[in-house]
Amino acid sequence: MSTTDAEVDGTDRTDDPDFQRARARHEDLSVEITEHRRRYYAEDAPTISDSQFDELMHELVDIETAYPELKNEDSPTQQVGTFSTAFTPVQHLEKMLSLQDVFSLDEVQAWADRITAEVPGEPYLCEVKIDGLAVDLVYEQGRLTKAATRGDGVTGEDVTANVATIAAVPQRLAAADGHDVPELLEVRGEVYFPSADFLRLNESQVAAGKAPFANPRNAAAGSLRQKDAAKTAERPLSFIAHGLGALRGFEPDSQSHAYAALAAWGLPTSPYWRVVGTVEEAYDYIAEFGEQRHRLVHEIDGVVIKIDRLDVQRRLGATSRTPRWAVAYKFPPEEVNTRLLDIKVSIGRTGRATPYAVLEPVRVAGSEVEFATLHNADQVKAKGVRIGDTVVVRKAGDVIPEVVAPVEAARTGDETEFVMPERCPECGSVLAPAAEGDVDLRCPNARSCPGQLRERLAYLSGRSCFDVDRMGYIACAALVEPLGADPVLVDEGGVFDLKMDDLLPIQVVVRDPDTGLPKQDPKTGEDKVVAYFANKNGEPKKTAVQMLENLEAAKRQPLWRVVNALSIRHVGPVAAQALAEHFGDLDRIANADEAEMAAVDGVGPTIAAAIKDWFAVDWHRAIVERWREAGVRMQDDAPDPSEALPQTLEGLTIVITGGIPDYTREGAAAAVKARGGKVSGSVSKKTSAVVAGEKPGSKYDKAVQLGVPVVAGADFAALLEDGLSAPQTPDAETEPE
């Protein structure tokens with residue numbers, strides 16, 4: 001039925017205002033989505049993110065579900081895509097469909113329920129959904145004769161010459177492992193741009209005065225669609241097969257059988273696919289790859305779940321756009337587009353000046369984002385971003401959000417270039433590299449710069465240092481920059497001498513939690529000011545009392561936490577633990593020979609030199625002395641020989657990966673060291689064993705590849721007791737992600 005029909009099932013919609021609004025919105029969405037598809041497929045220049053496009057499509061589907069009469073053959077919900085006229089059109093031997101996207105496990109379950117109602121008990125094949133460019137390869141008598149983009153699903157673009165430059169795509173198939181080369185083979189797969197090469201490509205694009213790519217998918221598409229195949233050959237593209245079209249002389253009974261044959265003939269298939277028996281196992285697969293999506297060689301944006309048996313696939317059939325036998329679960333969006341309002345500069349605890357983006361607030365990866373890192377001035381230039389740009393923002397898991405690239409197609413001409421300030425925005429000192437060749441600019445005013453001191457205080461109160469609960473970032477800022485008064489602390493030396501009388505007078509500006517802007521006093525119109533550590537009656541807040549109590553307790557923290565809290569450049573928790581374990585005393589570290597420090601496993605010459613430089617500064621040594629006088633523990637207790645544990649791991653190097661039952665990561669490492677072993681963060685041929693707990697990731701794979709013994713997380717206690725006589729066969733929980 002057409003969109004002008006007013007009657008459906010005998011109901012007159014002429015005077016229905018809801019229907020009229022829905023029809024108008026349907027028309028607007030159809031035009032908008034068609035334009036975005038043209039930009040995405042034909043021009044490789046999208047102006048919105050994938051997640052924002054998905055939202056538009058979902059809205060259109062919801063309208064058509066509520067008002068089926070609005071669905072017609074011209075609707076974007078009935079189309080696969082589009083193709084460019086820049087290449088010769090080529091017709092696929094079989095229609096190349098898109099997949100139905102779903103965004104929740106409930107939707108996966110609903111799809112599975114529909115499948116099992118018709119064909120109960122069928123196994124599923126799960127595989128990662130590569131974020132690349134879909135292509136169709138045709139092999140005749142084992143020779144590659146045609147390669148095309150998806151296009152509109154029926155007709156694509158002829159990119160044979162370009163695909164021939166991709167090393168992963170074989171020009172000829174070779175019979176192997178009992179698999180004869182078929183007479184005709186139409187293979188569907190994904191051309192992708194390896195993640196590690198993406199930033200380097202964008203840097204070269206900007207350096208050449210060209211627009212950077214918004215993401216690896218656009219980089220792959222842009223690289224493949226070069227008119228000159230020699231240009232494509234310069235890009236490190238790769239390929240993975242994930243489906244079949246027309247066949248002659250090959251009759252696989254399942255998708256998994258087909259993958260085995262494709263791999264035997266030399267066509268790359270994903271190493272991550274897995275056949276599972278239940279939808280619950282598919283959920284586990286989704287969870288696994290949701291956690292490790294950024295550890296793979298390529299970007300993924302979801303997981304594809306298919307019926308494995310091909311005869312069942314044919315029985316279930318397809319709609320005009322999607323197969324009924326497969327569904328694509330899309331991960332929550334980690335890339336969205338938003339407006340870059342400004343670029344400002346923050347000063348870190350070691351003086352590093354870091355540009356950061358002030359964004360129009362946008363929700364990404366489950367949280368609202370207003371700020372994103374831009375790393376350094378060179379990176380701002382390399383990314384080609386300007387103030388006022390629409391930008392792609394990415395947040396991978398718990399990682400700080402970052403600006404990936406500008407959306408150049410959305411530029412208006414009003415955008416402005418970022419200029420790195422010459423002076424520190426916190427104290428006005430001239431910014432300069434710390435050493436020759438250093439790409440970062442730093443504020444040299446280490447002691448008096450309020451920005452550096454605020455960041456150092458926040459760091460030393462954190463979990464990897466003194467772990468002072470109730471001493472958060474705002475409290476640290478209040479101690480350094482109180483309103484209308486001198487700072488309570490001029491450096492971190494006095495932090496353990498704080499008294500309640502120091503805290504009670506401190507006032508701060510009240511800020512709106514949503515905007516971060518100062519709230520106004522309704523009577524005066526001025527910024528609203530309140531005491532931070534005192535209540536309305538001038539008495540100490542409970543949080544202030546707890547902060548001082550926690551500072552007192554923090555004096556008993558072990559030596560490595562004290563070393564880490566000093567904010568010595570290059571010294572983090574790992575190096576701090578290595579130093580504390582080797583020397584056992586802060587004075588011994590301060591007075592140690594640089595060569596001796598450099599020889600400590602996990603330290604090295606760069607860290608050793610930084611430590612010597614730090615202790616050469618008078619006010620640094622004064623901090624240590626004030627902490628000592630306040631009662632901070634400066635050495636670890638010598639172990640009681642009567643309580644010494646058997647050295648079952650003496651001389652062994654252990655790598656710990658994944659979750660270990662009953663242990664934190666730090667606790668597991670300490671347990672290994674208590675038994676005489678060394679703990680390493682990487683796997684090599686010198687590794688004695690890898691302890692693989694729940695969801696171990698790539699270190700497990702590396703251990704298997706190198707033949708390094710692997711101990712299951714559940715057997716960690718046995719390893720501590722018995723050394724490498726413990727079982728070395730990982731249990732089910734240690735299967736790699």
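Please read these numbers as outputs of a predicted model, since none were measured by experiment.

Analysis parameters
- Residues numbered from 1 in each chain as written.
- Predicted model: local features only at pLDDT ≥ 70, side-chain atom pairs only at ≥ 80, totals over all residues.
- Heavy atoms only, no water.
- Helix = DSSP H or I, 4+ residues; strand = E, 2+ residues; numbered from the N terminus.
- Areas by Shrake-Rupley, 256 points an atom, 1.4 Å probe, with all protein chains shown as cover.
- Buried < 20%, exposed > 50% of the residue type's maximum accessible area, 1.4 Å probe, protein only.
- Arc of directions from axis to C-beta.
- Pairing = 2+ DSSP bridges.
- Salt bridge = Lys/Arg side-chain N within 4 Å of Asp/Glu carboxyl O.
- Core = buried A, V, L, I, M, F, W, Y, C linked by side-chain atoms within 4.5 Å.
- Contact = heavy atoms within 4.5 Å.
- Expected span 1.5 Å × (residues − 1).
- Axes fitted to C-alpha atoms, helices over the stretch in contact; angles between N-to-C directions.
- Phe/Tyr/Trp six-rings, centres within 6.5 Å; stacked < 30°, edge-to-face > 60°.
- Patch = residues over 30% accessible without salt bridge, like charges linked within 9 Å, V, L, I, M, F, W, Y side chains within 5 Å.
- Lys, Arg positive; Asp, Glu negative; His and termini not counted.
- Charge placed at Lys NZ, Arg CZ, Asp CG, Glu CD.
- pLDDT = per-residue confidence, 0-100.
- Parallel < 35°, antiparallel > 145°, perpendicular 65-115°, else oblique.
- Left-handed = near helix turned anticlockwise from the far one by under 90°.
- Disulfide = S-S within 2.5 Å.

Novice: Help me out: how do you make sense of the overall build of the protein chain in this one?
Specialist: Broken down by element type, the protein chain carries 24 helices and 26 strands. Across its three principal directions, the C-alpha atoms of the protein chain cover 85 × 75 × 50 Å. When the accessible surface of the protein chain is summed, it comes to about 34,700 Å², and 49% of that surface belongs to carbon and sulfur atoms.

Novice: Looking at this model, I keep getting lost on the pairing of strand E9 (residues 184–192). Mind explaining?
Specialist: Put simply, side chains in a regular strand alternate between the two faces of the sheet. The buried fraction of E9 amounts to nine of the nine residues, a majority that puts the element mostly inside the structure. Alternating residues of E9 divide into Leu184, Glu186, Arg188, Glu190 and Tyr192 and Leu185, Val187, Gly189 and Val191, and every residue in both groups is buried.

Novice: Sorry, what's going on with helix H22 (residues 665–674) here?
Specialist: An α-helix turns once per 3.6 residues; consequently, residues spaced three or four apart project the same way. Residues of H22 that are buried include every one of Ala668, Ala669, Ala671 and Val672, and no others. Angular distribution of buried residues about the axis of H22 spans 160°; they occupy a single face of the element. Remark: Gly676 follows H22 within two positions and exhibits a positive phi of approximately 95°.

Novice: How should the sheet that holds strand E5 (residues 124–130) be read in this particular structure?
Specialist: Backbone hydrogen bonds are what pair the strands of a sheet, in a parallel or an antiparallel way. Judged by pairing direction, the sheet is mixed, and its five strands sit side by side in the order E4-E13-E12-E5-E11 without closing on themselves. One side of each edge strand has no neighbouring strand; the edge strands of this open sheet are strand E4 (101–102) and strand E11 (274–276).

Novice: Even after reading the chapter, I still don't get the pattern of salt bridges, so can you show me in this structure?
Specialist: Between side chains of opposite charge, a pair can form when the charged atoms approach closely. Per the stated rule, a full pass over the model turns up 30 salt bridges. Taking the shortest distance from any N to any O, the salt bridge between Arg309 and Glu122 comes out at 2.9 Å. One end of the pair, Arg309, is in the loop between strand E12 (300–307) and helix H10 (310–316); the other, Glu122, is in the loop between helix H3 (105–118) and E5, and 187 residues separate them in sequence. For Glu122, a relative accessible area of 12% corresponds to the buried category.

Novice: Explanation requested: the nonpolar core in the structure shown.
Specialist: One broad rule of soluble globular proteins: the nonpolar side chains tend to lie buried together. Counting 61 residues, the largest nonpolar core has Phe466, Leu586 and Trp627 as its most contacted members. The contact partners of Trp627, leaving out residues within four places of it in the chain, are Leu460, Phe466, Glu492, Gly493, Val495, Phe496, Val562, Ala565, Leu566, Val632 and Met634. Judged by nonpolar contacts, the second largest core, of 38 residues, contains Ile166, Leu224, Phe250 and Leu262.

Novice: Please explain helix H21 (residues 618–630) as it appears in this structure.
Specialist: The end-to-end C-alpha separation of H21 is 19 Å, in line with the 18 Å expected for 13 residues at 1.5 Å each. Looking only at H21, the buried set comprises Trp619, His620, Ile623, Val624, Trp627 and Ala630. One side of H21 carries all its buried residues, which in axial view fall inside an arc of 155°. Facing away from the buried side of H21 by over 90 degrees, the exposed positions are Asp618 and Glu629. Taken together, the buried residues of H21 touch helix H12 (450–460), helix H16 (559–565), helix H18 (586–591) and helix H20 (604–615). Once H21 ends, the next one or two residues include Gly631, with phi positive near 105°.

Novice: In this structure, what is going on with the sheet that holds strand E23 (residues 653–657)? I would like to understand it.
Specialist: Sheet architecture is open: four strands sit in the order E24-E23-E25-E26, paired in parallel fashion. Strands at the two margins of the open sheet, each flanked by one partner only, are strand E24 (678–680) and strand E26 (710–712). Taken pair by pair, the neighbouring strands of this sheet meet at an average axis angle of 30°, ignoring direction. Sheet strands touched by H22: E23 and E24. Its angle to E23, the strand with the most contacts, is close to 165°.

Novice: Please clarify how the packing of aromatic side chains should be interpreted in this entry.
Specialist: Any two aromatic rings considered together are summarised by their centre-to-centre distance and by the angle between their planes. For the structure on display, the rule yields 13 aromatic pairs. The interplanar angle of 70° and the centroid separation of 5.5 Å between the aromatic rings of Phe19 and Tyr67 together place this pair among those described as edge-to-face. In this pair, Phe19 is assigned in helix H1 (residues 17–42) and Tyr67 in the loop between helix H2 (50–66) and strand E3 (89–91), connecting sequence segments 48 residues apart. With relative accessibility at 0%, the residue Phe19 sits in the buried group. Given a relative accessible area of 16%, Tyr67 falls into the buried group. Summarising the aromatic geometry, the rings of Phe250 and Trp265 are spaced 4.9 Å apart at their centres and angled 75° between planes, so their arrangement reads as edge-to-face. On the criterion of sequence distance, the pair formed by Phe250 in the loop between strand E10 (238–248) and helix H8 (255–265) and Trp265 in helix H8 is long-range, its members being 15 residues apart. The burial state of Phe250 is the same as that of Trp265; both residues are buried.

Novice: It is not clear to me how a negative patch on the surface should be interpreted in this structure. Could you clarify?
Specialist: A grouping of Asp593, Glu594, Glu596 and Asp613 is seen on the molecular surface, where their side chains present a negatively charged patch. With respect to the helices and strands, the residue Asp593 is situated in the loop between H18 and helix H19 (594–598). A relative accessible area of 48% places Asp593 in the partly exposed class.

Novice: What is the right way to read the environment of Gly348 from this model?
Specialist: If you trace the backbone, Gly348 turns up in the loop between strand E14 (335–347) and strand E15 (353–364). Excluding residues that lie within four positions of it along the chain, Gly348 makes contacts with Gln452 and Glu455.

Novice: I'm lost on the pairing of strand E6 (residues 133–140) in this one. Help?
Specialist: Burial runs high along E6: seven of the eight residues are buried. Looking at chain direction, E6 and E9 are connected through eight bridges and run antiparallel. Across the sheet, Leu137 pairs through a bridge with Val187, a residue of E9. Pairing of E6 with strand E7 (residues 143–149), which is carried by six bridges, proceeds in the antiparallel orientation. Bridged to Val138 within E7 is Lys146.

Novice: Mind showing me how you'd approach unusual backbone geometry here?
Specialist: For residues other than glycine, phi is negative in most cases, and the peptide bonds are mostly trans. At His375, a residue that is not glycine, the phi angle is positive and equals roughly 70°. Here His375 is to be found in the loop between strand E16 (367–373) and helix H11 (377–383). On the basis of relative accessibility, which here comes to 28%, the residue His375 falls in the partly exposed class. Its identity is not glycine, yet Arg470 carries a phi of approximately 80°, on the positive side.

Novice: Just checking my understanding: could you explain the confidence of the model for the protein chain for this structure?
Specialist: One rule of thumb: low pLDDT means the predicted coordinates there are not for detailed reading. When pLDDT is averaged along the protein chain, the result is 85; 90% of the residues meet or exceed 70. Contacts from residues 1–10, a stretch scored under 50 in pLDDT, to residues over four places away or in other chains number 18 contacts. Between residues 729–737, whose pLDDT stays under 50, and residues either more than four places distant or in other chains, the model counts 34 contacts.

Novice: What is the right way to read the packing of H12 against helix H13 (residues 473–480) from this model?
Specialist: The angle between the axes and the distance between the axes are what describe a pair of packed helices. At a minimum axis separation of 9 Å, H12 and H13 run at an interaxial angle of 140°. In this view, H12 runs oblique relative to H13, as classed from their interaxial angle. The way H12 lies across H13 gives a crossing that is right-handed. Only Tyr473, Cys476, Ala477 and Val480 of H13 make contact with H12, whose side of the interface consists of Pro450, Leu453, Arg454, Glu455, Leu457 and Ala458.

Novice: Could you clarify how one ought to interpret the environment of Ile474 in this entry?
Specialist: For Ile474, the location among the structural elements is in helix H13. The exposed category is assigned to Ile474, whose relative accessible area is 53%. As a C-alpha pair, Ile474 and Asn376 span 98 residues in sequence and 25 Å in three-dimensional space.

Novice: What is the right way to read the state of the cysteines from this model?
Specialist: Disulfides are covalent bonds that link the sulfur atoms of two cysteine residues. Applying the stated criterion to the full structure yields zero disulfides. This cysteine, Cys427, is not joined by any disulfide, and Cys443 carries the nearest cysteine sulfur, 3.5 Å off. With no disulfide of its own, Cys449 lies closest to Cys424 among cysteine sulfurs, the gap being 3.8 Å.

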